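Results of the structural survey
Chain residues, written in single-letter form:
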Amino acid sequence: MSMMSNGRPLLEVQDIYSGYQADFDIIKGVSLHVKPGEIVCVIGPNGAGKSTVFKALYGFLNVRQGRVLFDDRDITNIRPQEALKAGITIVPQLRSVFPDMTVAENLEMGMYLERDKKRIKQRIAYILELFPRLAERKNQKAGTMSGGEQRMLEIGRALMWEPKLVLMDEPSAGLAPLITKMIFRGIDRLNKEIGLTVLMIEQNARQGLEISDRGYVLELGQNSYEGTGEELLHNEEVRRAFLGG
Amino acid sequence: MNQFLQASVNGITLGGFYAVMVLGFAIIWGVMGVINLAHGEFVMVGAYLTWFLNKQYGWEPFLALLVVFPVMFVMGYLLQKILINRIIDRSYLISLLVTFGLSIIISNSFKLMFSATPRTVDTVLSSFWRVGGITIPMAKSVVLIMSLLMMAGLYLFLQHTRRGKSIRAAAQNREAARIVGIEIAAVYAFTFALAIAFTSASGTLISPIQPIFPFMGPALTLKAFAITAIAGLGSIPGVLLGGLLLGLIEVFVATYVPGIGTNLGVVASYVLLVVVLVVRPQGLFGSLRPAEG
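Residues numbered from 1 in each chain as written. Chains lettered and ligands numbered in written order. Predicted model: local features only at pLDDT ≥ 70, side-chain atom pairs only at ≥ 80, totals over all residues.

As for the overall build of chain A
A count of helical and extended segments in chain A gives 10 helices and 10 strands. When its C-alpha atoms are laid out on the principal axes, chain A stretches across 45 × 40 × 35 Å. Burial statistics for chain A: of 245 residues in total, 45% are counted as buried. Taking the contacts inside chain A whose residues are at least 6 apart along the sequence as the reference set, 67% of them involve residues at least 24 apart. (Helix = DSSP H or I, 4+ residues; strand = E, 2+ residues; numbered from the N terminus. Buried ≥ 20, exposed ≤ 12 C-beta atoms within 10 Å, placed from the backbone. Contact = placed C-beta atoms within 7 Å.)

So, in C-alpha cells, the structure goes:
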C-alpha cells in the first residue's frame, strides 16, 4: 500500500460494456479509476467479469460502450501494441513465460519494442537487481523454474518496459499459499520502492485487499462496492460474500 | 571395415540432406501448428528451378541457391498471406486438407508444364574422392557441407537476432508474445516465407543427386513427417540428429540386412517412427508442444 495516492487518475474506466460474443455483454457498465502510485484490487465471484475488464482494457476484446482514459488520453479499443506504447503492461493469469528461453532472454523480450540494445541491457541489470532470485537463475531456462519464480519473472518482464501501470490478472493463481504471500509482499515492496502503480484482479480477496489502497467489488458484470482496502476488508457484506465471514 | 566406413559416409551425407530438407516442415509445424502436406512439392519446385537455370543458362546447380532462396521466400510470403493465414487457428484437419490440395495442384501443374519425364542436372562436381578404400562423390560432400552451413545459419538466426527471437517467442507462448508487443501475423508470414525458402533450397541441394520429377514430393513429405516426429518439435539440433539417424539407419539396413534391398531399407525408418511414438511421444529431442490446433 502506498503513501502517495493523490492527484488525478492515471487510468479512468468510464461505464464500459464488453463481452466475447456479439450481442452478449459480460460486463455491463463497469467504472473504476487508478491514481499514480496506487495499488487497486478488483474482487468478485467467478464469472463476475473481472478478467473481461482486463481484456477490454488491453485490446483483446472490443469495448462496445463507454470510454477508457489513460494519462488524459482516450485509449478505448486500443491495440495491444499501442497499449504497451502508452505505458501499460500486463501480467496474465495463465503461465506466460517463454519456457525454452533463459531468464535473461525472457526479460529481454519484455522490451521487444525497444531497439536500443544498451538500454535493454541496463534494464535487465536493473530488474535483476530488484529480483535477486532471478539474478541467481539468469541463465536458467524459464520453464524449469518453480511456479513462484516464473510468476516473479513475469512481473519482472512486465517491469522491463518501465510501465506507468501494470495490470495483474490474479497474481496468486495456481500458487501455494506461502508463495502467494511472497508474491504479494513483493508487489507491495515494488509499490513502495519504485512507486509501481498496479491494477489487479484477485480471487484471493483478503490478501489482495491487504496490500491495496483501494478496491472494487464486481458482481454480474457491474460495480457493487468500492472503498479503500481497509474499508472493504471490514465491510460486513463483502466479508460475508468474499472473505469467508 | 571398408564397407562399414562406406555405409557410414553414405548414411551421413543422406542424413545431412534429410535434416536440411526437414527444417522448413518442422518450423512451420512447431511455430504455426500447421502440418504442411505440400512440403515435398516445395522441394520439387526448388529442384525444377535449379534444373531450369542449369539447362537454360548453364548455371552450376549450387549457384541456383542465389535465385531459389529469394524467389521462394517471396512465394512463401504471398502464399501465407493469401492462404495459410486463414487456416492457422483452425483444426489440424483443415490445414491438412488445404495443404494436401495445394500439393496436388503444384505437382500436377508441374507435370503439365514439364511432363513427368525425370530430369537431371549437369554439374562439374561429378567426380569422386577416394579416401583409403571408400569413395565419396564430390556432389554429395558439397551437399553435406551446404546442409550443415544452412542449418547453422538458421540456428544462429533464431538464437541471436531480434526477429529470430520473436519467432521462438511466438512458438513458445503465443499470448505472451502478443503482450510483449510481437505482431503474431507478421511473425507467421515471415516464418512461413523463411521455411519455404529453406525447403526449396533443399531442392537445389538434392538436384545433382537424384532425378527430378513432378511427383517426387509425397515421399519427401512422408520422410519429413517421420523425422520431425522422431526428433520432436522445437529443436534444430534435434532435427539434425534425427535426420542423421534416419540416413544412417536406412543405409545400414540396406547394406547389412541380406535380401532387403535399398527401397525396403526405408521401412526401417518407419519402424523406428512407430517405436518412438509409442515409447516417447514428444520425440527424442522435443521440448515443444505443437501450437494448439
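Further notes follow.
Looking at unusual backbone geometry
The backbone of Glu-162 of chain A sits at a positive phi, close to 55°, despite the residue not being glycine. As for its position among the elements, Glu-162 of chain A is in the loop between helix H6 (147-160) and strand S7 (165-169). Residue classification places Glu-162 of chain A among the partly exposed positions, given that 13 C-beta atoms sit within 10 Å. Although it is not a glycine, Ser-115 of chain B adopts a positive phi angle of roughly 65°. Mapped onto the secondary structure, Ser-115 of chain B falls in the loop between helix H4 (92-114) and strand S1 (128-131). Residue Ser-115 of chain B is classed as exposed on the basis of its 11 C-beta neighbours within 10 Å.

Describing the pairing of strand S3 (residues 39-43) of chain A
Residue and element names in this part refer to chain A. Judged by how many residues are buried, S3 sits mostly within the fold: five of five residues are covered. Side-chain alternation along S3 places Ile-39, Cys-41 and Ile-43 on one buried face and Val-40 and Val-42 on a second face that is also buried. As judged from the four bridges shared by S3 and strand S8 (residues 198-201), these two strands associate in the parallel manner. Each residue of the ladder has a partner; that of Ile-39, found in S8, is Val-198. (Pairing = 2+ DSSP bridges.)

Remarks on the sheet that holds S7 of chain A
Residues and elements named next belong to chain A. Reading across from one edge, S6-S7-S8-S3-S9-S10 is the order of the six strands in this open sheet, with mixed pairing throughout. The open sheet has two free edges, formed respectively by strand S6 (88-91) and strand S10 (222-228), since each of these has just one partner strand. Each strand axis lies, on average, 15° off the axis of its neighbour in the sheet, ignoring direction. For S7 and S8, the ladder comprises four bridges, and the chain directions are parallel. Residue pairing for S8: Asp-169 is matched across the bridge by Ile-201. Across the sheet, helix H1 (residues 50-57) touches S3, S6, S7, S8 and strand S9 (214-219), and the angle it forms with S7 is around 145°. Most of the contacts of H6 go to S6, to which it runs at about 170°, and overall it touches S6 and S7. (Axes fitted to C-alpha atoms, helices over the stretch in contact; angles between N-to-C directions.)

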